[in-house]
Amino acid sequence: MIQELDTVILVKGRSDQGLVKGDMGAVAMVHDGGKAFEVEFVTLAGDTLGVLTLTADEVRPNTARDVPQVRVA
């Protein structure tokens, strides 16, 4: 179960926000028992790219087998 402060992976790109599938974000708030989440996406320098409300099917928990990706935002 995804909780506040967990790292999650975006499973559907959000081109309107400049985010792509695989981007990592941190859960700032859990809504309605885990049906939706406020997720903050940041650059490696700590600059916020966006804070989005995402449904449970748009993110997944990270796993020990995930490899971070690097791209220019």
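Data block above holds the structure.
Described in the following lines is the structure provided in the data block. (Residues numbered from 1 in each chain as written. Predicted model: local features only at pLDDT ≥ 70, side-chain atom pairs only at ≥ 80, totals over all residues. Heavy atoms only, no water.)

## A few points about the overall build of the chain
Argument step 1. In terms of helices and strands, the chain carries zero helices and five strands.
Argument step 2. In terms of overall dimensions, the chain is globule-like: its C-alpha atoms have a radius of gyration of 11 Å, near the 11 Å expected for 73 residues.
Argument step 3. Its C-alpha atoms give the chain principal-axis dimensions of roughly 35 × 25 × 20 Å.
Argument step 4. Relative to its full complement of 73 residues, the chain shows a buried share of 26%.
Argument step 5. In the chain, once contacts between residues fewer than 6 apart in sequence are set aside, the share between residues at least 24 apart is 40%.
Argument step 6. For the chain, the exposed area adds up to about 4900 Å²; of that, 54% sits on carbon and sulfur atoms.
Argument step 7. The distance from the centre of the 7 positive side-chain charges to the centre of the 11 negative ones in the chain is 9 Å. (Helix = DSSP H or I, 4+ residues; strand = E, 2+ residues; numbered from the N terminus. Rg over C-alpha atoms; globule rule 2.2 N^0.38 Å. Buried < 20%, exposed > 50% of the residue type's maximum accessible area, 1.4 Å probe, protein only. Contact = heavy atoms within 4.5 Å. Areas by Shrake-Rupley, 256 points an atom, 1.4 Å probe, with all protein chains shown as cover. Lys, Arg positive; Asp, Glu negative; His and termini not counted. Charge placed at Lys NZ, Arg CZ, Asp CG, Glu CD.)

## Considering the layout of surface pockets
Argument step 1. For the largest pocket, the calculated volume is near 430 Å³.
Argument step 2. Lining the largest pocket we find 17 residues, and of these Met-24, Val-42, Thr-43, Leu-44 and Gln-69 sit closest to its centre.
Argument step 3. If you list the elements that add at least two residues to the lining of the largest pocket, you get strand E2 (24–31) and strand E3 (36–42). (1 Å grid on protein atoms, 1.4 Å probe; cavity = no way out; pocket = protein on both sides within 12 Å on 5 of 7 lines; lining within 4 Å. Points joined across faces, edges and corners; volume = space filled by probe spheres on them.)

## A look at the side chain of Asp-23
Argument step 1. Among the secondary structure elements, Asp-23 is positioned in the loop between strand E1 (7–10) and E2.
Argument step 2. Only 3.0 Å separates the side chain of Asp-23 from the backbone nitrogen of Val-20, close enough to count as a polar contact.
Argument step 3. Polar contacts involving the side chain of Asp-23 include one to the side chain of Arg-71, which spans 2.5 Å.
Argument step 4. Leaving out residues up to four positions away in the same chain, Asp-23 has contacts with Val-8, Ile-9, Leu-10, Gly-18, Phe-41, Gln-69 and Arg-71. (Polar contact = N/O pair within 3.5 Å; in protein donor to acceptor, adjacent residues only side chain to side chain.)

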